[in-house]
Amino acid sequence: MTTPQPYLPNPSPALSAADQDALTDLYIRGTPVNTLRAYERDLLYITAWKSARFVAALDWPETEATALTFILDHARDLSDAPDTDIARQVAERLIGKGLRKTLACPAPSTLDRRIASWLAFHRMKNLPSPFDAPQVKQARAKARRAAARPPAPKSAHPITRDVLEQLLATCRGTRRDCRDRAILMLGWASGGRRRSEITGLRREDVSLKAFDKSGVVWLSLLETKTTTKGETPRLVLKGRAAQALVHWIEVGQISDGPLFRPVSKADRVLKRRLSPDAIYQIVKHRLKLAGLPEGFASPHGLRSGFLTQAALDGAPIQAAMRLSLHRSMAQAQKYYDDVDIAENPAADLLG
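Parameters and conventions
- Residues numbered from 1 in each chain as written.
- Predicted model: local features only at pLDDT ≥ 70, side-chain atom pairs only at ≥ 80, totals over all residues.
- Heavy atoms only, no water.
- Buried < 20%, exposed > 50% of the residue type's maximum accessible area, 1.4 Å probe, protein only.
- Helix = DSSP H or I, 4+ residues; strand = E, 2+ residues; numbered from the N terminus.
- Pairing = 2+ DSSP bridges.
- Contact = heavy atoms within 4.5 Å.
- Axes fitted to C-alpha atoms, helices over the stretch in contact; angles between N-to-C directions.
- Salt bridge = Lys/Arg side-chain N within 4 Å of Asp/Glu carboxyl O.
- Parallel < 35°, antiparallel > 145°, perpendicular 65-115°, else oblique.
- Left-handed = near helix turned anticlockwise from the far one by under 90°.
- Nonpolar A, V, L, I, M, F, W, Y, C, P; charged D, E, K, R; others polar.
- Phe/Tyr/Trp six-rings, centres within 6.5 Å; stacked < 30°, edge-to-face > 60°.
- Lys NZ or Arg CZ within 6 Å of the ring centre and 35° of its normal.

1. Some remarks on the pairing of strand E3 (residues 235-238)
Alright, step 1. Taking every second residue as pointing to the same face, the buried face of E3 carries Leu 235 and Leu 237, while none of Val 236 and Lys 238 on the other face is buried.
Alright, step 2. The pairing of strand E2 (residues 216-219) with E3 spans four bridges and is classified as antiparallel. Bridging from a neighbouring strand, Trp 218 pairs with Val 236 of E3.

2. Here's the deal with unusual backbone geometry
Alright, step 1. Residue Pro 61 follows Trp 60 across a cis peptide bond; omega there is 0°.
Alright, step 2. Tracing the sequence through the fold places Pro 61 in the loop between helix H2 (33-54) and helix H3 (64-73).

3. Let's talk about the sheet that holds E2
Strand-to-strand pairing in sheets goes through backbone hydrogen bonds, with the strands running parallel or antiparallel.
Alright, step 1. Taken in spatial order, the three strands line up as E1-E2-E3 in an open sheet, and their pairing is antiparallel. Of all the strands in the sheet, the pair left with one neighbour each is strand E1 (206-207) and E3.
Alright, step 2. One ladder, built from two bridges, connects E1 with E2; its direction is antiparallel. Of the residues in E2, the one forming a bridge with Ser 207 is Trp 218.
Alright, step 3. Where helix H11 (residues 239-251) meets the sheet, it contacts E1, E2 and E3, and its direction lies at approximately 90° from that of E3.

4. Considering the pattern of salt bridges
Alright, step 1. Across all of its chains, the model carries 18 salt bridges by this definition.
Alright, step 2. Measuring nitrogen to oxygen at the nearest pair gives 3.1 Å for the salt bridge that ties Lys 50 to Glu 62. You can see Lys 50 sitting in helix H2 and its partner Glu 62 sitting in the loop between H2 and H3, a full 12 residues away along the chain. Residue Lys 50 shares its accessibility class with Glu 62, and that shared class is buried.
Alright, step 3. Notably, a salt bridge pairs Arg 175 with Asp 267, separated by 3.9 Å at the nearest N-O pair. With Arg 175 in helix H8 (residues 175-189) and Asp 267 in the loop between H11 and helix H12 (276-289), this residue pair connects regions lying 92 residues apart in the sequence.
Alright, step 4. Through salt bridges with shared partners, a single ionic network connects Asp 177, Arg 179, Asp 180 and Arg 286.

5. Here's the deal with the packing of helix H13 (residues 300-312) against helix H14 (residues 317-324)
Alright, step 1. Interhelical geometry of H13 versus H14 gives an angle of 160° and a closest axis separation of 10 Å. By the angle class used here, H13 and H14 are roughly antiparallel. For the pair H13 and H14, the crossing hand works out as right-handed. Within the contact between the two elements, H13 uses Arg 303, Phe 306, Leu 307 and Ala 310 and H14 uses Ala 320, Leu 323 and Ser 324.
Alright, step 2. Taken together, the residues of the contact of H13 with H14 sort by class into five nonpolar, one polar and one charged.

6. Let's talk about the environment of Arg 145
Alright, step 1. Along the chain, the position of Arg 145 falls in helix H6 (residues 134-146).
Alright, step 2. Separated by 70 residues in sequence, Arg 145 and Ala 75 have C-alpha atoms that sit 9.8 Å apart.

7. Notes on the packing of aromatic side chains
Geometrically, a pair of aromatic rings is defined through the distance of the ring centres and the angle of the planes.
Alright, step 1. Here the structure, examined in full by the defined rule, presents seven aromatic pairs.
Alright, step 2. The interplanar angle of 85° and the centroid separation of 5.8 Å between the aromatic rings of Trp 49 and Phe 54 together place this pair among those described as edge-to-face.
Alright, step 3. Using a relative accessible area of 1% as the deciding quantity, one classes Trp 49 as buried.
Alright, step 4. With a centroid separation of 5.2 Å and an interplanar angle of 80°, the aromatic rings of Phe 70 and Trp 118 are classed as edge-to-face. Taken together, the residues span a long stretch of sequence, with Phe 70 in helix H3 and Trp 118 in helix H5 (residues 108-124) at a distance of 48 residues. Just as Phe 70 is buried, Trp 118 falls in that class too.
Alright, step 5. Here a set of aromatic residues connected by ring pairs shows up, and it is made of Trp 49, Phe 54, Phe 70, Trp 118 and Phe 131.
Alright, step 6. In this structure, Arg 53 is placed above the aromatic ring of Phe 54, and the distance from its NZ or CZ to the ring centre is 5.6 Å.
Alright, step 7. The ring of Trp 218 carries Arg 234 above its face, with NZ or CZ at 4.3 Å from the centroid.

8. Here's the deal with the environment of Val 217
Alright, step 1. Turning to its location among the elements, Val 217 is positioned in strand E2.
Alright, step 2. Remark: the alpha-carbon pair of Val 217 and Val 236, spanning 19 residues in sequence, is separated by 5.8 Å.
Alright, step 3. Ignoring any residue separated from it by four or fewer positions in sequence, one finds Val 217 in contact with Val 206, Ser 207, Leu 208, Phe 211, Leu 235, Val 236, Leu 237, Ala 242, Leu 245 and Val 246.

Okay, here's the thing in structure tokens:
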């Protein structure tokens, strides 16, 4: 009697080249633009690192030995390493190419981000990742612990209301001034918007239907760092911030297309949109005009300043988060905690 053989389904066919391209396209379209930029930068760095370290291109999937070497090379300060140290030699090549800043040990968050990007590319190709191997995972955890440091603030100081007023006072009457005033006020009052969110706005994202009656402007962000397309709630601008934005739309004659645009030296509004770096330059310029020290704050100061001011004014954190669109209560709570501890009577015990 013949023993019946268990039924084994046919293995799934491998993806065709066209299907693989379609899958890659799907990943690209379904990933936020800022994340894609980070992936691109990290892949460039990783590719250059392996080329300098092993004189070889990336493998898919990558080997565990390469992943482990990558962690080891980025888990120590190479400033004191001898000139013959291969990790130092590779780091110096990357510095020469502008891909690395110093020989110092990179921040754990930087190493984590590069590994996460490497992992993402393996997933896109449906390949096993070497970073899931027990030895590699353990080395990564030890490297993170060994290089732990207090997180550096994204902005040296929060741009609270009093600082914002100093910046706004430098905006006089040119079109550039009108634009910068609208950017600063929208960026702050709408919940502390990120640079890419400000420059990504289009005229079509701004509703003025309620402005004449109630002085309210509604904003529709396509997506943010913490929300996806179609899931970002509308935001509101009121009072002076709404007036500044409407004034810029009128002065700049913005009927469609990018909301915030470059202004020429002849004070003529151009058609293309501002880049996120332009927001950095605007904040830097206004800080200088206001007489504040260089490096006093960055554009992220608009975000941290909004939350800090909300805490100072006693606004409920949930209300502030509805505008800031923080996904994590713990992240937003940090700004409230800084204010609370400064106001704690126990801090004045010594007098």
